[in-house]
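# Structural description and commentary
The residues making up each chain are set out below.
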Amino acid sequence: MISRRNFIRQSGLVAASSVFPIPEFLKSGPSRKLGVALVGLGYYSRDLLAPALQLTKYCELRGIVTGTPSKIPVWQAKYGIADRNVYNYENMYQMVNNDDIDIVYIVLPNAMHKKYTIIGAEAGKHVWCEKPMATTAKDCKAMIDSCRKNKVQLTIGYRMQHEPVTQEIIRMAGSRPFGRIEKLKAEAGFYNRGGDGSHWKLHPELGGGAMFDMGVYPLNAVRYATQMEPISVSARIENSRPELFKVDETTFFELEFPNGVMAKCKTSFAENINHLKIDCSSGWYELRPFQSYSGVQGRTSSGSTFLPFSGNQQAKQMDDDAIAIIENQDPVVPGEEGLRDIQIVESIFKSAQSGGARILLS
Ligand code: NAD
């Protein structure tokens, strides 16, 4: 059986923590918070990350990168961002000379993650990159290589792996309170009205589609809930609104894990779904919802419950990731984790294009 940790080790992709230099500020007395620059000031930065960065203990919002000049005074006034820490996409590379910024957080359309991760890494900044890591495994590998070469950390914004109830589910893969895991079900999606059809999530060039947007949640969940790597996949796509969706609207995928463990997964822009269930040889447990920003909770076949975490998920994620940098440790979700999901997503699309053929994963 290949455990996930072993997979990452065997793949030889994890950068040893020893390659990361001790940050300068740690050598010079009492630590200051790490400075984060948000790259892309859309929905997730504006509504979730910037507010969460007001709650973090080990990092704070210190810079912005935007292509929309009208956003600059609004963000500066709201968060007290200094003029010297405001960049656009063309001059972002000049951060190399700016010690205020320790980390760039890439919160752009999915197909832009690679380019700006590499610009950040080459400027000597640690990189936090939103999920999905990128739209091809080739891009993911280029991001990992660049961060390794520039001796900076790369971590992917899979917030669930920092969320305490989810972490309990991850521990249960090892403690097996209901015996051997036999099958799983994981579904995440929301009804996307599509608006006027112009949003990048509806277009393939920028990495749109349900699988990249929401499908990585069930995919990542069945991997973390089993602590195993899938060995084969089959998939199919349904589009009920082809005039609006040039990308996958609903994707069904089935993963086979070692020892006959099967996971049935679904992601959709046509339905509100948010459920993870794990069936074992002597019982079951489930989370509903399993990937919301708050209120992740669930129950087990023996009548016990998983109570929701009362803290802020994004603040916890960013503090965990800041601590990994400060302490020179591997992050909770390294780039290799994002790469593995995208390798599987590539096989999911390949299977769907070939009529649902089962594809072996290497
Ligand atoms: P959004 O469309 O609201 O924001 C995208 C930002 O990118 C905008 O500010 C836009 O101006 C900018 N941009 C720059 N170049 C662009 C271009 N060529 N086309 C379109 N926009 C361009 O998107 P979002 O919902 O904030 O998503 C951004 C990233 O964050 C995505 O990778 C998404 O998957 C991720 N995300 C993660 C979570 C999570 O829970 N971890 C939640 C939401 C979004």
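Everything numeric here is computed off the predicted structure, so don't read it as measured data.

Right, let's talk about the domain arrangement of the protein chain for a bit. Often the size quoted for an interface is simply the accessible area lost on bringing the parts together. Structurally, the protein chain comprises domain 1 (4-159 + 315-333) and domain 2 (160-309 + 343-360). A straight line from the C-alpha centre of domain 1 to that of domain 2 covers 26 Å. Counting from both sides, the interface comprises 17 residues of domain 1 and, opposite them, 18 residues of domain 2. By residue number, the principal contributor to the side of domain 1 that touches domain 2 is helix α9 (residues 313-326), which donates 3 residues. Looking at the side of domain 1 that touches domain 2 residue by residue, the classes come out as 9 nonpolar, 3 polar and 5 charged.

This next bit is on the pairing of strand β2 (residues 59-65). Burial of β2 is extensive: 6 of the 7 residues sit out of reach of the surface. In the sheet, strand β1 (residues 34-39) pairs with β2 via 6 bridges, with the strands oriented parallel. Its bridge partner lying in β2, V39 is registered against V65. At this point the chain moves from β1, through helix α3 (residues 43-52), to the parallel β2, and the crossover so formed is right-handed. Here β2 pairs with strand β3 (residues 86-87) via 2 bridges, running parallel. When the sheet's bridge partners are listed, I64 is paired in β3 with V86. This β-α-β element, β2 to helix α4 (residues 71-79) to β3, shows right-handed connectivity.

Take the site of the ligand next. The environment of the ligand is made up of 18 residues, and the closest members are G40, G42, Y43, Y44 and E130. Structurally, the shell around the ligand is a two-domain feature, drawing no fewer than three residues from each of domain 1 (4-159 + 315-333) and domain 2 (160-309 + 343-360).

Let's shift gears to the nonpolar core. The biggest cluster of nonpolar side chains holds 93 residues, and the ones touching the most others in it are A37, L38, V39 and Y105. In terms of residue count, the dominant contributor to this core is helix α8 (residues 210-226) (11 residues). Setting aside residues no more than four positions away along its own chain, Y105 makes contact with V36, A37, L38, V39, L49 and W128.

This next bit is on the sheet that holds strand β5 (residues 126-129). Within a sheet, each strand pairs with its neighbour through backbone hydrogen bonds, oriented either parallel or antiparallel. Spatial ordering of the open sheet is given by β3-β2-β1-β4-β5-β6, a layout of 6 strands whose pairing is parallel. Both outer strands of the open sheet, β3 and β6 (154-156), are each paired with one neighbouring strand and no more. Judged from the 4 bridges that link them, strand β4 (residues 103-106) and β5 form a sheet pairing that is parallel. Considered in β5, the bridge of I103 is made with H126.

This part takes up α9. Each α-helix turn comprises 3.6 residues. Residues three or four places apart therefore point the same way. End to end, α9 covers 20 Å across 14 residues, agreeing with the expected 20 Å (1.5 Å per residue, within 8%). Burial analysis of α9 places 10 of its 14 residues in the buried class, the great majority of the element. The set of residues buried in α9 consists of Q313, Q314, A315, Q317, M318, D319, D321, A322, A324 and I325. Where α9 is buried, its residues touch β1, α3, β2, β5 and β6.

Criteria and thresholds
Residues numbered from 1 in each chain as written. Predicted model: local features only at pLDDT ≥ 70, side-chain atom pairs only at ≥ 80, totals over all residues. Domains from an automatic or database assignment. Contact = placed C-beta atoms within 7 Å. Helix = DSSP H or I, 4+ residues; strand = E, 2+ residues; numbered from the N terminus. Nonpolar A, V, L, I, M, F, W, Y, C, P; charged D, E, K, R; others polar. Buried ≥ 20, exposed ≤ 12 C-beta atoms within 10 Å, placed from the backbone. Pairing = 2+ DSSP bridges. Right-handed = clockwise from strand over helix to strand, strands pointing away. Near = placed C-beta within 6 Å. Core = buried A, V, L, I, M, F, W, Y, C linked by C-beta atoms within 7 Å. Expected span 1.5 Å × (residues − 1).

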